[in-house]
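Each chain, letter by letter, is given below.
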Amino acid sequence: MTMLATIFCPEGGHFALALACALALMQGVLPLAGLRRTDSPLTALARPLALSQCLALLFAWTCLVTASLGNDFSLKLIAETSAINKPWAYKIAGLWGNHEGSLLLWVTLLSLWCAGLALLPGQSAARPEGLPLRLRARLLALLGLVGAGFQLFCLTTSNPFLRLWPVPADGMGMNPLLQDPGLAVHPPLLYSGYVGFAVPFAFAISALLDGRANALWARHMRPWVISAWALLTLGITLGSWWSYSVLGWGGYWFWDPVENAALIPWLTGTALLHSVLVVEKRNLLHVWCLLLAIATFAFSLSGTFLVRSGILNSVHAFANDPARGLFILGLLGLYGGGSLLLFAIRAPALPTPQAGFSPLSRESALLLNNILLCTLCAVVLTGTLYPPFMQLLFGRTLSVGKPFFDATTIPLTLPLLAVMGVSMALPWRQTRADRLLPRLAPALLITAGNILPAFWLFPTPLAALSALLALWVISAVLCDLILRLRGLPEGSRQLHRLPRSLWAASLAHVGVGVTILGLCGMAGSQERLIEARPGTHATLTGRDWELTALTAHHGPNYEAVEAHLTIRHHDAHGPVLTELTPEIRLFPRQGQRTLHVAILHRPLEDLYAALGSVKEERDPQGQSHYSAILRLHENPLASWIWLGGIIMALGGGLHLLPSRRRPKPVEGELRSCR
C-alpha cells in the first residue's frame, strides 16, 4: 500500500487532472481547426488526445481512491467524508457522495465515453458501415470542449486534491444515509446516463455544423442514445429502490426535486430514442431529433446545477457553495444556450424531406408518443422549478408535492400507455384499419376480459384503469411477437429468427407495463404504526406480527438496535411465514441515526418493517423495559416497480449486442457524413 501511495499520490493526481484539462482543450481545438482543411494531420489528433485524456483522468481517480483507502486525512475531501473505521467499500463509494469527488467521477466517465468513441472502428472500404473518420474527429472535438469546461471547474473551484492543515487524526465519516450498498452503485450509473447523453449532443451539434442529418447519421447515433438511456434507467431504478429500502417511509418515489432532475432527462431521452428510430427508418423528424438531443443533455447539466447550486433542499443535494452553482450555470449557458442558438440559426437550413405521415403508421404513433413524453417533461419541470423561482423572485415559500404531480402526470400517462400498445402493431409508412384491428384484437380481448378483476383487485378506479392499460401494453407486445413468429416461413419459426431490435423494443415496452402494474399495486398498500414491547402482537391484512425481542449489536462504525419480528399466517397460532429484523443504526461520529429496513420480497407483495425508535421505561421496582415504535407495511406488487426498470434496461442492453447480420446499406453512405 505504501508503494501504491507513493506512485498514486495526491500531487500526481492533481497534476494528472491539470494535464487532462490541457489535453481536453487541445482535443477540442486542434481537430476542429484540422476539419477546416482537407486531409489535415490535425484531424487525426482527435483519437490519441481523447485516449490520453482518459488515461490521465483514470490516473487522477486512482490517486484519489488510493488516498481514501490509505486514510490520507491531509486531503480535505477524505477528512470530510471518510474515517479510519469506515468499511473499505464505503471509503471508495464515499468519494462520489460529495461535490468534489462526484465531479471528478463525472469528468472521468465523460472521458470513458470519449475513449469508447475513439476506439470505435472507423469507416473504410472494407468496413463501409463504420463511423466516418471526419465525423468521429468532430464528435471527439466537441466532447473535448465539454470535458475541458468541467475539468476547469474541477481545478478552479472544486479541487478534490485540496490539502488540509493541520491534519486531523481521523476523518468525519460519510453521511450515514449514504452508507448503503445501493448508494455504492446508484450514483455511477446515474452519472453514466447523464454523461452519456453528451455523445448524442455532440452528434446534434455536428449535424448542425455540417448542415445534414440523415438516416446514416441516425444509425451511428442510435447505440449511444440507447446506452445512455439504459444506464440512466438503471440509475433511476436503483435510486428508487434506495428510497424504498433505506429511508424507512415505505414509499418508492417522493417527487423530490433531485429525483425529478433525473426523471426530466429520462423523459426527453426516451423521446429522443424514438425519434432516432424514425430518422433512421423513414428519414423524418430530423429537427425534432436534433432539438431533443440538445435538450436532453441540457437537462442533464441542469440536474448537475440543481444538485450543486444550493437552491434545492434535498437529501441528495450538495448544497454547500452557491458560487459553484454559478460556475455550472455559466457552463449550462455556454453549452445549452450556445447550442440552442446554433439550432435556431442552422436548423431552418437543413434539408426537409418531402415524405409525409400517414395517420395509421408507426412514425405517427412515435410522434404522438414524443409529444406526450415532452408534455410530461414540461409538467415535471414546472413543478420542480416553480417553488425555488417563487422563493427567489417574490420571497414566497411554496411546496409542490405528490398531489400536484399525481394530478398532472397520470392523465398524460394513460394516453401514453394506450399509444404504446398500438405502436408495436403498426408498420412503417402506412396501413389500413381493417388490417390493424385483427392484429390488436387478441390484446383487446385480454384487456377487456380483465376489466372486472382489475376493478375488484385494485383499490381505486384510477389504479384499476392504469393497470388495465399496463396489461394492454404487455399483451399487445406479446401478441405482436406471436403474430410475427407465425408470419415466418414454415420450418424457420424459431425465436432467434425475429430481429434483435424487435426483441429489445418488446422488452422495453413490457418493462414499462410491469412497472406501471407495480405502481398500481402500491396504491393498495396497507400500513400500521404501533408501539410494542417484546411479546406484543399486531394484526395487518390477516397476518399476525409479533415483536419477539429487541437486541443490540455493534457494526464497523455504528451501534445498532435490532427488532426481531415473527410473522404468522392468520393469527398468533398460525404457521410462521417469516422473520424480519429491522434495526436502527447510530453513527457516533456524525451523531446521526439511520433506519435499516427489513423486507420480505414475494411475487405478489412485500412485507415491510421499519423500526422507528426504542424507548426505555422503568417500573416501580427499578427494572428497565423497552418498547419500540414499528412501522409495518404490506405492499402489493412492490417489487414489480424495480423489476420493470431492470427489464427496460435489459431491452436497451439487448439492442446493443453485436448483430450477426450486416446492416443494410444507406444510399450515399460513404459520402453522407464526411
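Treat the numbers as computed from the prediction; the structure is a model and nothing was measured. Along each chain, numbering runs from 1 in the same order as the chain's sequence is written. In view of the model being predicted, local features appear only for residues whose pLDDT reaches at least 70, and side-chain atom pairs are presented and counted only at 80 or more, with totals across whole chains, interfaces and linings using the full set of residues. Note that water and hydrogens are dropped before the side-chain values are worked out from all heavy atoms of the structure.

A few words now on the side chain of Arg138. Helix and strand definitions here come from DSSP, where helices need a minimum of 4 consecutive H or I residues and strands a minimum of 2 consecutive E residues; each element is numbered from the N-terminal end. Tracing the chain through its elements places Arg138 in helix α7 (residues 133-156). Classification of residues uses two cut-offs on accessible area relative to the type maximum, computed with a 1.4 Å probe and protein chains only: under 20% is buried, over 50% is exposed, and between them is partly exposed. In summary, the charge assignment counts Lys and Arg as positive and Asp and Glu as negative, without counting His or the chain termini. The rule for a salt bridge is simple: a side-chain nitrogen of Lys or Arg has to be within 4 Å of a carboxyl oxygen of Asp or Glu. An unpaired buried charge is present at Arg138: no salt bridge exists, and Asp210, the closest side chain of opposite charge, is 4.2 Å distant. A distance of 3.4 Å separates polar atoms of two side chains, one belonging to Arg138 and the other to Ser206. Think of a polar contact as two N or O atoms within 3.5 Å of one another; within protein, one of them needs to be a possible hydrogen donor and the other a possible acceptor, and neighboring residues in sequence only count if both atoms come from side chains.

Every axis in this analysis is a line fitted to C-alpha atoms, fitted for helices over the stretch in contact. Angles between the N-to-C directions lie between 0 and 180 degrees. Contact pair helix α11 (residues 257-282) / helix α14 (residues 362-394): the axes reach a minimum separation of 9 Å and the direction vectors enclose 160°. What the angle tells us is that α11 and α14 run roughly antiparallel. By crossing handedness, the relation of α11 to α14 is classed as left-handed. Facing Pro257, Asn260, Leu263, Ile264, Leu267, Thr268, Thr270, Ala271, His274, Ser275, Val278 and Arg282 of α11, the residues of α14 in contact are Glu363, Leu366, Asn369, Asn370, Leu373, Cys374, Leu376, Cys377, Val380, Leu381 and Thr384. Here the term charged refers only to Asp, Glu, Lys and Arg, the term nonpolar to Ala, Val, Leu, Ile, Met, Phe, Trp, Tyr, Cys and Pro, and the term polar to all other amino acids, Gly among them. Considered class by class, the residues forming the contact of α11 with α14 number 13 nonpolar, eight polar and two charged. With respect to orientation, any angle under 35 degrees is reported as roughly parallel, any angle over 145 as roughly antiparallel, any angle of 65 to 115 as roughly perpendicular, and every other angle as oblique. Should the near helix be turned anticlockwise from the far one by less than a right angle, the crossing is termed left-handed; should it be turned clockwise, right-handed. Residue contacts are counted whenever heavy atoms from the two residues lie within 4.5 Å of one another.

Turning our attention to a nonpolar patch on the surface. Exposure above 30% relative accessible area and the absence of a salt bridge qualify a residue for a patch, where like charges join within 9 Å and nonpolar side chains (Val, Leu, Ile, Met, Phe, Trp, Tyr) within 5 Å. Surface accessibility follows the Shrake-Rupley procedure with a 1.4 Å probe radius. Residue values consider only the protein chains on display as shielding. Nonpolar side chains collect at one region of the surface, where Phe389, Leu392, Leu393 and Phe394 lie side by side and expose about 500 Å² of accessible area between them. With respect to the element layout, Phe389 can be found in helix α14.

Turning to the nonpolar core, a few remarks are in order. In this structure, Leu104, Trp106, Phe150, Phe203, Leu208 and Trp217 are the most contacted members of the largest nonpolar core, which totals 160 residues. Ranked by residues supplied to this core, first place goes to helix α18 (residues 461-486) with 14 residues. Not counting the four nearest positions on each side in its chain, Phe203 is found in contact with Leu131, Leu135, Leu139, Trp217, His220, Met221 and Trp224. Working definition of a nonpolar core: buried Ala, Val, Leu, Ile, Met, Phe, Trp, Tyr and Cys residues. They are joined through side-chain atoms within 4.5 Å.

A few words on unusual backbone geometry. Note: most residues except glycine have negative phi, and most peptide bonds are trans. Following Trp165, the chain continues to Pro166 via a peptide bond in cis, the omega torsion being 0°. In this structure, Asn283 takes a positive phi of about 60° despite not being glycine. Within the element layout of this structure, Asn283 appears in the loop between α11 and α12 (286-309). For Asn283, a relative accessible area of 33% gives the class partly exposed. The phi torsion at Leu285 lies on the positive side, around 65°, for a residue other than glycine. Tracing the chain through its elements places Leu285 in the loop between α11 and α12.

With that settled, the discussion passes to the pattern of salt bridges. As enumerated under the stated definition, the model contains 17 salt bridges in all. Connected through salt bridges with shared partners, the residues Arg543, Arg602, Glu605 and Glu634 form a single ionic network.

Direction of pairing for strand β6 (residues 583-587) relative to strand β7 (residues 592-596): antiparallel, over a ladder of five bridges. For Ile584, the partnering residue across the bridge sits in β7 and is Leu595. Any two strands with at least two DSSP-identified bridges between them are counted as paired. Counting the residues in the hairpin turn of β6 and β7 gives four residues, including Gly591, whose phi is positive at 65°.

Where helix α2 (residues 10-35) contacts helix α3 (residues 46-69), the axes come no closer than 8 Å and their chain directions differ by 160°. Relative to α3, the element α2 lies roughly antiparallel. Helix-helix and strand crossings are classified by hand; for α2 and α3 the assignment is left-handed. Side by side, α2 and α3 meet where Gly12, Gly13, Ala16, Leu17, Ala20, Leu23, Ala24, Met26, Gln27, Leu30 and Pro31 of the first sit next to Ala46, Leu49, Ala50, Ser52, Gln53, Ala56, Leu57, Phe59, Ala60 and Cys63 of the second. Within the contact of α2 with α3, the residues separate by chemical class into 16 nonpolar, five polar and no charged.

So, on to the packing of aromatic side chains. Note on aromatic pairs: the rings of Phe, Tyr and Trp (six-membered ring only in Trp) are paired at centre separations within 6.5 Å, and the planes decide the class, stacked below 30 degrees, edge-to-face beyond 60, tilted for the rest. Applying the stated criterion across every chain, the model contains 16 aromatic pairs. Ring centres 5.5 Å apart and planes at 80° place the aromatic pair Trp241 and Trp642 in the edge-to-face group. Of this pair, Trp241 sits in helix α10 (residues 215-246) while Trp642 sits in helix α20 (residues 638-656), and the two are 401 residues apart along the sequence. Residues Tyr558 and Phe587 carry aromatic rings whose centres are separated by 5.5 Å and whose planes lie at 45° to one another, so their mutual orientation is tilted. Taken together, the residues span a long stretch of sequence, with Tyr558 in the loop between β3 (543-554) and β4 (559-569) and Phe587 in strand β6 at a distance of 29 residues.

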